[in-house]
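The residues making up each chain are set out below.
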Amino acid sequence: MIAKGQTRAPDFVVGGAPVWKAFFDAAAQAEMVEALRRVVAAAPLFSPETRWGKPMSVGMTSAGRYGWYSDRSKGYRYIDRHPSGAPWPPIPDPVLAVWHAVAPDARAPDCCLVNVYRAGAKMGLHQDRDEADFSQPVISISLGDEGLFRIGGTLRGGPTQSVWLASGDVLALREEARLAFHGIDRIRHGSSALLKGGGRINLTLRVVD
Ligand code: MD3
Ligand code: FE
């Protein structure tokens, strides 16, 4: 469990984004996975379609007032209900605790996007710009198998840096990193024992409005 107001200096910075390695321990990671099982039971994973009609390889759902969604007809956006019509479940407390620990001055997040990477899943380089206020950070939490994260600048095609993100790692995207191009090139399937059958979960906490 993360104490509110717990602070720790980041371990390093990549592409302007501070990284905290193993911000929380294996017991806290398992607690978070249990909370996420309840989120997925209320709001089942789906594979959004890109703007071009191709299903993404990452399974997704959300918690909070808004969830991220995409389909061929309307493209990328936030919606206030799961595609089934059910309300999004609340953001679990242990997840909120991480936000308040690393972004104490930010507004409360209103979306926790849950990305599930099974063997072979990846996410191409993109910017996150469907939110209204880029002065608010995005906080990323990694769970399970390691993922190779790539981050560049605010222009597509510029130089990039890569770093492996492991279970319990936390990343803050703010200031110049908030609009950086970023993605996940590959997963080291089976590198963590946290999730039965392997896989990687990434949570991103966002202020949408
Ligand atoms: C840099 N997720 O959900 S987390 C995403 O691991 C997303 O699932 C990846 O990119 C994942 O949009 C990367 C790191 C991350 C998250 C949000 C960012 C980096 C970011 C927002 C702005 C800049
Ligand atoms: Fe992103």
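Residues numbered from 1 in each chain as written. Chains lettered and ligands numbered in written order. Predicted model: local features only at pLDDT ≥ 70, side-chain atom pairs only at ≥ 80, totals over all residues. Heavy atoms only, no water.

*Asks:* Looking at this model, I keep getting lost on the sheet that holds strand 12 (residues 182-188). Mind explaining?
*Replies:* Sheet strands pair by backbone hydrogen bonding; their relative direction is either parallel or antiparallel. Strand order in the open sheet formed by four strands is 7-12-9-10, with antiparallel pairing between adjacent strands. Each edge of the open sheet carries a strand with a single partner, namely strand 7 (123-126) and strand 10 (161-165). Strand-to-strand, the axes of this sheet are offset by a mean angle of 25°, without reference to chain direction. Across two bridges, the pairing between strand 7 and strand 12 is antiparallel. Among the inter-strand pairings, His126 is bridged to a residue of strand 12, identified as His182. (Pairing = 2+ DSSP bridges. Helix = DSSP H or I, 4+ residues; strand = E, 2+ residues; numbered from the N terminus. Axes fitted to C-alpha atoms, helices over the stretch in contact; angles between N-to-C directions.)

*Asks:* Sorry if this is basic, but what is going on with the site of ligand 1 here?
*Replies:* Among the 20 residues in the neighbourhood of ligand 1, the closest are listed as Asn115, Tyr117, Asp128, His182 and Arg200. One of the side-chain nitrogen or oxygen atoms of Asn115 is found 2.9 Å away from an oxygen atom of ligand 1. In the environment of ligand 1, an oxygen atom lies 3.0 Å from a nitrogen or oxygen atom belonging to the side chain of Asp128. Taken by itself ligand 1 offers 490 Å² of open surface, and the protein chains cover 98% of this. If you list the elements that add at least two residues to the shell around ligand 1, you get strand 6 (111-117), strand 7, strand 8 (138-144), strand 11 (170-173), strand 12 and strand 13 (200-206). Counting residues per element, the shell around ligand 1 draws most heavily on strand 13, which supplies four residues. Taken together, the residues of the shell around ligand 1 sort by class into 10 nonpolar, six polar and four charged. (Near = heavy atom within 4 Å. Polar contact = N/O pair within 3.5 Å; in protein donor to acceptor, adjacent residues only side chain to side chain. Areas by Shrake-Rupley, 256 points an atom, 1.4 Å probe, with all protein chains shown as cover. Nonpolar A, V, L, I, M, F, W, Y, C, P; charged D, E, K, R; others polar.)

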